Every structure is written in C-alpha cells, then in structure tokens.
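Residue-level structure breakdown
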Amino acid sequence: NAGVMQNPRHLVRRRGQEARLRCSPMKGHSHVYWYRQLPEEGLKFMVYLQKENIIDESGMPKERFSAEFPKEGPSILRIQQVVRGDSAAYFCASSPTGGFNTGELFFGEGSRLTVL
Amino acid sequence: DQQVKQNSPSLSVQEGRISILNCDYTNSMFDYFLWYKKYPAEGPTFLISISSIKDKNEDGRFTVFLNKSAKHLSLHIVPSQPGDSAVYFCGGSGNTGKLIFGQGTTLQVKP
C-alpha cells in the first residue's frame, strides 16, 4: 500500500511563474490536507479538502493560492505569480476519516519550491 | 493565534538519558494530541498520540503525558538514542479534523 505521493519533489520557478504541486493520497483516503513549512519555521496548516469540496481553507493566503481535489486524480495546490516568499516545503497529508477518530494524518515526503 | 506552542527550539541530551519535550496549547476543544518526528528533507512521521480524556499513553521508549488543567503535554523518550535526533512537532486535533502544530523542537542526542 503506497503512502502519500507528492510530486514534484523539487520545483524551481522564477518570480511571476506558476507552481503546481500534486498529491495522491493513500489508497482509501478521501481527506487531504496541505501544510507549508517556511525556512526555519514550523508546519502551518493551509487547506483541508475532501473529494470535490474545500472543507477548511482558513490557512490559505487570500491571493494567488488555490487548491482542488477533483473526483478523479490527485489534489493540486496551485500558486500563481510566485514570489520569493513562497519558497518553502509544501507537505500533503491524508486521512481515511478526516482525522476524527485518532487525529492521525499520514504525510508525504513534501515538495520543495524554490523561487528565483 | 498560536494555539500550540513549543517554547524550546532545541534540546541536547546524552545517549541513554531521558529526553523531555514540552508543548503548551490554548484550544480546549482539541480531542487528540499527537507527536510527529521529522528528519531533514523528509515528511513528518507519526510517533505517538493521546486522547484528551487520558493523562498518559506509553509506547515502548515513548511516553506522552497530558495535563489538561495546565494545558500542557510532554513527550518523554527513554533511553534516548542517536537515531532519535530529529525535529519533533506537537499537534492538536479537534472536531474540524485538521492538525495544528507547534513550531517544533530540534532534539540532538549525543553518543
């Protein structure tokens, strides 16, 4: 049973370009979470999605960031017009029950975005 | 609004001794508290959790203690091993399903 798969593992973009990060949850998991870790900082919640629905986007920056989890395919975190401050590690996590049973989320290896 | 705080950015202990990592929280609605371990360039991995209705949970060398009146929890690792050197994140989970993490504590276990 494969774990949470994220790609690309490393992404380099120039300022103003778009970044797309993909996350395939574990098999049987329908709840996906995105977190961001800025350099020298902790893990910050961004968004919680179920299939075709955004449940909680309270941690998402108001502009340039969007997320989706379509009925088919991986979850996508999209960052438009990237700036240097977007350079960070972006982690995806999944859960079969939305974390309601034990709180446990299963994390991917992360996607490291570098903005030049 | 920092709902979960880890006030010690780093901790260094000798191999074989006890490591104690601390965590404070402000949100009384958390149902579970979890500890995750993270190595550089890897994703966080689940270590141990505790329900808000309990005060202790033990798993091998790892024990988590919860003091609800003080809104404080701690992770004890005994005996500490060099392979335990990593960043440890404390997190709280409530009825929204999302995990709120502290800033992390870097543990270094010296041989």
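The rules behind each value
Throughout, residues of each chain are indexed from 1 in the direction in which the sequence is written. Both sets of labels track the order of writing: A upward for chains, 1 upward for ligands. Given that this is a predicted model, residues contribute local features only at a pLDDT of at least 70 and side-chain atom pairs are listed and counted only at 80 or more, while totals for whole chains, interfaces and linings are drawn from all residues. Side-chain numbers come from the whole structure's heavy atoms, not from hydrogens or water. Within this scheme, the nonpolar core is defined by two criteria: the residues are buried Ala, Val, Leu, Ile, Met, Phe, Trp, Tyr or Cys, and they are joined through side-chain atoms within 4.5 Å. The buried label goes to any residue with under 20% of its type's maximum accessible area, the exposed label to any with over 50%, and the partly exposed label to all in between, with areas taken from a 1.4 Å probe on protein chains only. What makes two strands pair is DSSP finding at least two bridges between them. Each helix corresponds to a stretch of at least 4 residues labelled H or I by DSSP, and each strand to a stretch of at least 2 residues labelled E; elements are numbered beginning at the N terminus. Neither His nor the chain ends is counted toward charge; the positive residues are Lys and Arg and the negative residues Asp and Glu. Every case where a carboxyl oxygen of Asp or Glu lies within 4 Å of a side-chain nitrogen of Lys or Arg is listed as a salt bridge. Should any heavy atoms of two residues lie within 4.5 Å, those residues are considered in contact. Take the accessible area each of two parts loses on contact, using a 1.4 Å probe, and add the two losses: that sum is the buried area. Any residue that is not Ala, Val, Leu, Ile, Met, Phe, Trp, Tyr, Cys, Pro, Asp, Glu, Lys or Arg is counted as polar, Gly included; the first ten are nonpolar and the last four charged.

Judged by nonpolar contacts, the single largest core of 38 residues is most densely connected at Tyr-35 of chain A together with Trp-35, Leu-73, Leu-75 and Tyr-88 of chain B. Counting residues in hydrophobic clusters, the runner-up holds 23 residues, among them Ala-19, Val-32, Met-46 and Ile-79 of chain A.

Residue and element names in this part refer to chain B. Read from one edge of the open sheet, five strands run β1-β3-β8-β7-β6, paired in antiparallel fashion. Either end of the sheet is taken by a strand with one partner, and the two such strands are β1 (4-5) and β6 (56-59). In this sheet, strand β7 (residues 62-67) lies alongside β6 in antiparallel orientation, the contact comprising four bridges. Bridge pairing in β7 links Glu-58 to Thr-63.

Attention now goes to the side chain of Arg-36 of chain A. Residues and elements named next belong to chain A. Its location among the elements puts Arg-36 in strand β4 (residues 31-37). Buried and unpaired, Arg-36 has no salt bridge, with Asp-86 as the nearest side chain of opposite charge at 4.2 Å. The residues contacting Arg-36, other than those within four sequence positions of it, are Gly-42, Leu-43, Lys-44, Met-46, Pro-61, Phe-65, Asp-86, Ala-88, Ala-89 and Tyr-90.

Listed as interface residues are 22 residues of chain B and, on the opposing side, 25 residues of chain A. The contact between chain B and chain A buries some 1700 Å² in all, and 55% of this surface belongs to carbon and sulfur atoms. Ranking the residues of chain B by area buried against chain A places Pro-44, Lys-98 and Phe-101 of chain B at the top, with a combined share of 26%. Applying the counting criterion to the chain B and chain A interface returns one salt bridge. The partner of Asp-56 of chain A in a salt bridge is Lys-98 of chain B, with the nearest N and O atoms 2.9 Å apart. At the level of elements, β4 (32-38), β9 (86-93) and β10 (99-101) of chain B are the ones that each hand at least two residues to the side of chain B that touches chain A. Ranked by residue count, the leading element in the side of chain B that touches chain A is β4 of chain B, at four residues. Within the side of chain B that touches chain A, the residues separate by chemical class into 10 nonpolar, nine polar and three charged.

Shape descriptors only; they carry no functional weight alone.
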